[in-house]
Amino acid sequence: MKRNIIALLLATMLFSCTTNVQNAEQVNEYPKIYPDYIDVTIPVNIAPMDFSLMYDDYDCVDVVVKGSKEGKIQSNGEIVDFDIDEWHTLCEKNKGGSLLFTVCVEKDGKWTQYKDFTMHISDYELDEWGLTYRRIAPGYALFSHMGLYQRDLSTFDEYEIMDNNRTPGACINCHTSNRTNPKEFLFHVRGSKGATMLQKGGSMEALNTKTDATLGLCVYPYWHPEGKYVVFSTNTTSQNFHVTKDERIEVFDYVSDLQVYDTEKHELLLSPLVTKPDFNETFPAFSSDGKIIYFCSTVKRTYPRDYKIVRYNLYSIDFDAQKGVYGDSVKTIIDAEADSMSISIPKPSYDGKYIMYTLANYGTFPIWHKEADLWILNLQTGEKRAMDEVNSDDTESYHNWSANSHWFVFSSRRDDGLYTRLYLSCIDENGKATKPFMLPQKNPRHYYERLMYSYNVPDFTKTKVEINSKTTANAILSPVRQGISARRQ
C-alpha cells in the first residue's frame, strides 16, 4: 500500500509538469529568482548556477540556456536543476562570452515567459579546487556544533576538514593556508583541549602557543609566502550585548600584540614596536613578497565606556625573512580614525597590487556591524575607495583572494540580516569588481532556508585539504603539545 501511494505521488509530480512550453504569454520583467544571479560574472569551472523561483504557486519551470558562442542546455521540472556535465561543457564553449537564460513558468496549464537575463563567463581563471570555511550557528557567548569544511567549487560536494563532534566542547576557528596551498595549513582549537594545529611538510603538530613572554595564545594567523613563518596576533577579547534591536553584540579587544612564529625553530619573534603597552595591534598579514607586515592598531581604551570611539588604523612594519627580524619603524598606511572610521581584516592581494579591508564606524569585529563595507587600497597609486559594486546595506566582513588575485570571496549578511553567506566576485586589471554571486547550491532556496548555520572565515584552497580527521582529533584530545619559546628583538 505504501509503495502504491509513493508511486502515485511520483506520477502526479511528473504529470504536473508539461514537457514543452506552449503559447507562453511574454511579460517585460525579469523572473524573481533566488539567489539573484542576473548579470553576474562567473568562472568557467563553477558548479551549475541552479536557482529557485520566488513563487510558491507554480506547477513547472522551464529554463533554456544559450551560449553567446555556441551550445544550449535546458532544465524542465519543478526546480531548476542543470545537468552538471552539460553545464560544464556549455561554460567551456562560451568562456569569455555569456549565457542567455530564458525562464518560462507554468501555472494551471498556462505558461508565462519572463524577460531574458544574462550571466557572463570570465576570461580570468579560478584555478583553485574549492573553498574552505567554518560553519557555525550564529550564536553569541556560547557555541555548540561547529566545524571546518571544504567545498568543491565545480560541484556541490562538501567535505569535512574537522568537526567538533570529534572533540566535544572545543571551539574550532581561524583556519588558514599559505596562498591557498593546503600543504601549509593551520587552525586553532579553543577550550580545555586548546591547541594550534599546524600542518607542514606532511605532518601535523599540536602547538601550545602560550609563553611567559606573551599575552596568551596566538589568534589571527597569516603565512609568510616562503612558508617558514606565520605572523599572529595575541588577543584578549570579550563580548557584550546591546540593548537596541538593530545592534546585537560588540566584541571588545582589551589587549593585543603581534608576534611572528618560526615554524622551524618553534620560536616566537617579538618586537617592542608591535607589542606596545598603550596600543592594541591585531589582524596581521604579510605582503605578497613577504617583506612587510600589515596590521591594524588603536590606542588602548576603557571598555565598555569607550567602545564607540575605538578606531583602528592600518600600519606596516618591515620584516627580514632571512634574518628573522623586524624593521626599525612603523609606518601609517591609512589613518581611518581621521575619517571617524575603523579598519579590520586587511588582506593584501597576492599580485602585490591591492589591500582589501573592512571599514566600519568603530570597533575591531565588524561581523555584527550593518554599516561594515569592503574597501580597497591601490598600493601603486595610494588610492582607496569603497567597493560599491559589491557592498550591500548589510554587513560585509571576512574576505580572501584567489591565488591569481582575480577572484575574491567574502561573507555577507545581505541575504536575511542574520546568517552570513558566501559570495564570489571577479576583479579586473583596473581593480573593478563584478556583481557578486552567492555560492551556488542545488535547489538553493530549500538549502538555505533549512541551513541553520553561518559561513565564516572563507578562503580558497588550491587542492582538497588532506587531513585525517580521526588522527587529528586524537592529537587534539591528547595532552601532548609542542611547546614554543619567545625571543625579543
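My aim in this report is to walk through the structure given alongside it, one point at a time. (Residues numbered from 1 in each chain as written. Predicted model: local features only at pLDDT ≥ 70, side-chain atom pairs only at ≥ 80, totals over all residues. Heavy atoms only, no water.)

A cis amide bond links Tyr34 to the next residue, Pro35, at an omega of -5°. Tracing the backbone shows Pro35 in the loop between β2 (33–34) and β3 (41–42). Note the cis peptide between Tyr303 and Pro304, where omega equals 0°. Tracing the backbone through its elements, the reader meets Pro304 in the loop between β22 (292–299) and β23 (313–320). Positive phi is not limited to glycine here, since Asp108 has a value of about 55°. Checked against the element boundaries, Asp108 lands in the loop between β7 (98–107) and β8 (110–113). (Helix = DSSP H or I, 4+ residues; strand = E, 2+ residues; numbered from the N terminus.)

Moving on, we come to the nonpolar core. Membership of the largest hydrophobic core comes to 75 residues, with the highest contact counts inside it found for Phe51, Trp87, Phe101 and Phe408. Each residue touching Trp87, except ones within four places of it in the same chain, is listed here: Ile42, Ile46, Ala47, Pro48, Met49, Ile73, Phe82, Leu99, Phe101 and Met119. Formed by 22 residues, the second largest nonpolar core is a distinct cluster that contains Phe283, Val310, Tyr312 and Ala336. (Core = buried A, V, L, I, M, F, W, Y, C linked by side-chain atoms within 4.5 Å. Buried < 20%, exposed > 50% of the residue type's maximum accessible area, 1.4 Å probe, protein only. Contact = heavy atoms within 4.5 Å.)

Now for the sheet that holds strand β10 (residues 130–136). Through backbone hydrogen bonds, the strands of a sheet pair up, either in parallel or in antiparallel fashion. Strands sit in the order β12-β11-β10-β33 across an open sheet of four strands; the sheet is antiparallel. Both edges of this open sheet fall to β12 (158–163) and β33 (454–461), since each of them pairs with a single strand only. In this sheet, adjacent strand axes meet at a mean angle of 25° when their direction is disregarded. Relative to β12, strand β11 (residues 146–152) runs antiparallel, the two sharing five bridges. Bridge pairing links Tyr149 to Glu160 in β12. (Pairing = 2+ DSSP bridges. Axes fitted to C-alpha atoms, helices over the stretch in contact; angles between N-to-C directions.)

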